[in-house]
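Below, each chain spelled out in residue letters.
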Amino acid sequence: MTVVSPDLRNEQAAPPSPPWSARLSPARALGLPLAFTLGLASFGLLDSVRENPRVLWSFLGAAAVLLAWSAVLLGSALRKGRTLTLEIVLRKQHWVQACTHTLIFLYWGWYWQPVYDWAHLIVAQLVLAYAFDMLLGWSRRDTYTLGFGPFPIIFSTNLFLWFRPDWFYLQFLMVAGAFAAKELIRWNKEGRFVHIFNPSSFSLTVFSLALILTGTSDITWGKEIAITQF
């Protein structure tokens, strides 16, 4: 399967507006990913999540990992006397793609109800993405750029592949893989240090190949997604 996704136009596609930035103590800075982590855990209060123990434990397990990561990063930053910087940059290509994807999901769901039933899980992946991206960014450097960047990555991923409830934790792993690839696989292009691969396509390719090679595509909604989109 060839994966073509709108988030191919990454941050180097258009010059961003001047960022707003603030220098924060580690405790204040890491309060932001903590808020997203607690938000992720709160999804465990939903009946649609609690009705399947594996889905519930996917949320609680992901939140526990993020909490532990936050605690370790906070301790390390305090020992080293780091000051963390938060930048806010709203890139047009990101929020325009987010709006376009939203319209696609609304239209698709009008004809296939499971899209609307899946909506809260897309929101949960967004919450996870922000927490994961912040922690990974501040683990590697002192500055994190906050914007709409996670939206096209999460929305593009969910246009192609959903894992069934008993395997939902793999959806979170796929999201983590996309953001890890964005952060860790980079190069210097025209004086800017940017990611090489389309993050959602990279993660989708890795997971799709694994499913094909192991003959386990039936643990996803991939077939139904392809049929209903066609």
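Nothing here was measured: the structure is a model prediction, and the numbers come from that model.

Here we come to the packing of helix H4 (residues 92-111) against helix H5 (residues 114-140). Between two packed helices, both the angle of their axes relative to each other and the distance between the axes serve to describe the pair. Between H4 and H5, the shortest axis-to-axis distance is 8 Å and the interhelical angle comes to 140°. Classed by the angle they form, the pair H4 and H5 counts as oblique. In this structure, H4 uses Phe-105, Leu-106, Trp-108, Gly-109 and Trp-110 to contact H5, whose residues at the interface are Val-115, Tyr-116 and Ile-122. Of the residues assigned to the contact of H4 with H5, the class counts are seven nonpolar, one polar and no charged.

Inspection of the secondary structure assignment puts Val-127 in helix H5. Between the C-alpha atoms of Val-127 and Pro-33, which are 94 residues apart in sequence, the distance is 9.3 Å. Ignoring anything within four residues of it in the chain, the contact list for Val-127 reads Phe-36, Gly-39, Leu-40 and Phe-43.

We now examine H5. In this model H5 runs 38 Å from its N-terminal to its C-terminal C-alpha over 27 residues, within 8% of the 39 Å that 1.5 Å per residue would give. Along H5, the sharpest kink reaches roughly 35°, centred on His-120. Counting buried positions along H5 yields 19 of 27 residues, so the element is predominantly enclosed.

Strand pairing in a sheet takes place through backbone hydrogen bonds and is either antiparallel or parallel in direction. Spatially, the three strands line up as an open sheet ordered S1-S2-S3, and their pairing is mixed. Because the sheet does not close on itself, it has two edges, and the strands there are strand S1 (20-24) and strand S3 (143-146). Averaged over all neighbouring strand pairs, the angle between strand axes comes to 20°, with direction disregarded. Against the sheet, helix H1 (residues 26-42) touches S1, strand S2 (84-88) and S3, its axis set at about 45° to S2. Across the sheet, H5 lies against S2 and S3, angled at about 155° from S3, the strand it touches most.

Bringing the side chain of Ser-70 into the picture now. One can find Ser-70 in helix H3 (residues 53-80). Residue Ser-70 is classed as buried on the basis of its relative accessible area of 9%. Excluding its chain neighbours within four sequence positions, the residues that come into contact with Ser-70 are Leu-30 and Leu-135.

The rules we used
Residues numbered from 1 in each chain as written. Predicted model: local features only at pLDDT ≥ 70, side-chain atom pairs only at ≥ 80, totals over all residues. Heavy atoms only, no water. Axes fitted to C-alpha atoms, helices over the stretch in contact; angles between N-to-C directions. Helix = DSSP H or I, 4+ residues; strand = E, 2+ residues; numbered from the N terminus. Parallel < 35°, antiparallel > 145°, perpendicular 65-115°, else oblique. Contact = heavy atoms within 4.5 Å. Nonpolar A, V, L, I, M, F, W, Y, C, P; charged D, E, K, R; others polar. Expected span 1.5 Å × (residues − 1). Bend = angle between axes of the 7 residues up to and from the residue. Buried < 20%, exposed > 50% of the residue type's maximum accessible area, 1.4 Å probe, protein only. Pairing = 2+ DSSP bridges.

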